[in-house]
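Spelled out from the first residue to the last, the chains are:
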Amino acid sequence: MPELPEMETYKTLLEQLILDKTITGVVINREKSINVPVDHFTRQVLDQKIEIMDRRAKHLIFHLQNGSCLLLHLMLGGWLFYGKKEDQPDRTVQVQLSFGVHNLYCIGLRLGYLHLLTPEMVKQKLQNIGPEPLNPSFSLDAFEAIMKNRRGSLKTALMNQEVIAGIGNRYSDEILWHAQLLPEKKINELDQDQISRLYHSIQFILQQAIEHGGYMGELFKGDNKTGGYKMYVHGLEGNPCSRCGTPIIKVEIASRKTYFCSNCQH
Ligand SMILES: [Zn+2]
């Protein structure tokens, strides 16, 4: 599932591609991917300019000139592609927005969606999401306060959207490897130094992932920004840990595939 770095990369690139452009066509191939009848959706979205784009946690929000918002969540397996008809990937497209000859294809939306909402509804929908870890207001003190009275494992806490926004299965493994902490370690067992390390690893890994464009495939033909991030542990079972050389282990935690180094994570 795309996480904060992937959605941030999409946002940055899409701002260059579709901001202030008018939506000239709407195709809905899967009605379940939207939240209102197709004709209503089309009426509200067609001929609208995209004035602002935001990201919150793993969501993208497209603000239209008529005040409506499109809230995109790709969930598991969803991805985007932008291009002309001849460049369209050979995959089923659930929702397509056109900008002249270019189209934004929403692909793999099984649980994912593009919902038409008012700004108030967007706010309400996102109200229980925790702080953005790369926001300047997310200080070490703020992180300590969040972790203070929590129970459970580090992996579970990092992936909990109500605790911190935008981190999922992949980057929680990457962050915990970087902080040299075991995914199943209990939050209440962390000392001050470990909390501080975890805080810095959250920022380091997410910033590095954004810098390298996350892990998704290209957003458009010739896109050399998206997908440059190389994982330290996630998906690398059996490969040597780049810190100590011990083969990386895969286990399931809360039915999520979890990767770590049993030697240098404690
Ligand atoms: Zn190691």
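Just so it is clear, the structure is predicted and the values come from calculations on it, not from any experiment.

### Quick word on the pattern of salt bridges
With the rule as written, the count across this model stands at eight salt bridges. Ionic pairing is found between Glu132 and Arg56, a salt bridge with its closest N-O pair at 3.0 Å. Linking Glu132 in the loop between helix 3 (119–125) and helix 4 (140–148) with Arg56 in strand 2 (residues 50–56), this pair joins segments that are 76 residues apart in sequence. One salt bridge connects Lys250 with Glu237, and the closest N-O pair in it is separated by 3.9 Å. Remark: Glu237 occurs in the loop between helix 7 (192–211) and strand 9 (249–253) and Lys250 occurs in strand 9; sequence separation between them is 13 residues. Relative accessible area serves as the criterion here: at 34%, Lys250 is assigned to the partly exposed category. The partly exposed category is assigned to Glu237, whose relative accessible area is 47%. Residues joined in a network through salt bridges with shared partners are Glu8, Arg55, Arg56 and Glu132.

### Some words on the coordination of the zinc ion
Coordination of the zinc ion by the protein comes from Cys241 (SG), Cys244 (SG), Cys261 (SG) and Cys264 (SG), over a distance range of 2.2 to 2.3 Å. Viewed at the metal, the four donor atoms of the zinc ion are separated by angles of 99 to 120°, and the geometry they form is tetrahedral. Relative accessible area serves as the criterion here: at 31%, Cys244 is assigned to the partly exposed category.

### A closer look at the domain arrangement of the chain
Here the chain is described as being made up of domain 1 (4–125) and domain 2 (140–260). The gap between the C-alpha centroids of domain 1 and domain 2 is 28 Å. Opposite the 18 residues of domain 1 that make contact, domain 2 presents 20 residues. Our count for the contact surface shared by domain 1 and domain 2 stands at one salt bridge. Lys221 is the salt-bridge partner of Asp87, the closest N and O atoms lying 3.4 Å from each other. At the boundary of domain 1 with domain 2, the tally comes to five residue pairs in polar contact (both at pLDDT 80 or more).

### Thoughts on the sheet that holds strand 6 (residues 93–99)
The strand order 1-6-7-5 describes an open sheet built from four strands, whose pairing is antiparallel. Two strands close off the open sheet at either side, each with one partner strand: strand 1 (25–28) and strand 5 (79–84). With direction set aside, neighbouring strand axes in the sheet form an average angle of 15°. The sheet contact formed by strand 5 and strand 7 (residues 102–107) spans six bridges and is antiparallel. If you follow Gly83 over to strand 7, its bridge partner there is Asn103. The strands touched by helix 1 (residues 4–18) are strand 5, strand 6 and strand 7; relative to strand 5, the strand with the most contacts, the crossing angle is about 25°. Strands strand 1 and strand 6 of the sheet are contacted by helix 2 (residues 38–45), whose axis makes an angle of about 155° with strand 1.

### Considerations on the packing of aromatic side chains
Evaluation of the coordinates by the stated rule reveals five aromatic pairs. Taking the centre distance of 4.5 Å and the plane angle of 15° together, the rings of Trp177 and Tyr232 count as stacked. With a gap of 55 residues between them, Trp177 in helix 6 (residues 169–178) and Tyr232 in the loop between helix 7 and strand 9 connect regions that are remote in the sequence. In this structure Tyr232 comes out as partly exposed when scored by relative accessible area, which is 22%.

### Describing the environment of Pro247
Residue position: Pro247 is located in the loop between helix 7 and strand 9. The partly exposed category is assigned to Pro247, whose relative accessible area is 48%. Counting along the chain gives eleven residues from Pro247 to Leu236, while the straight-line C-alpha distance between them is 8.9 Å. With residues near it in sequence (within four places) discarded, Pro247 still touches Gly238, Asn239 and Pro240.

Thresholds applied
- Residues numbered from 1 in each chain as written.
- Predicted model: local features only at pLDDT ≥ 70, side-chain atom pairs only at ≥ 80, totals over all residues.
- Heavy atoms only, no water.
- Salt bridge = Lys/Arg side-chain N within 4 Å of Asp/Glu carboxyl O.
- Helix = DSSP H or I, 4+ residues; strand = E, 2+ residues; numbered from the N terminus.
- Buried < 20%, exposed > 50% of the residue type's maximum accessible area, 1.4 Å probe, protein only.
- Donors = N, O, S within 2.8 Å, 3.2 Å for Na, K, Ca; no water.
- Tetrahedral: all angles 85-135°; square planar, octahedral: opposite > 155°, others 65-115°.
- Domains from an automatic or database assignment.
- Contact = heavy atoms within 4.5 Å.
- Polar contact = N/O pair within 3.5 Å; in protein donor to acceptor, adjacent residues only side chain to side chain.
- Pairing = 2+ DSSP bridges.
- Axes fitted to C-alpha atoms, helices over the stretch in contact; angles between N-to-C directions.
- Phe/Tyr/Trp six-rings, centres within 6.5 Å; stacked < 30°, edge-to-face > 60°.

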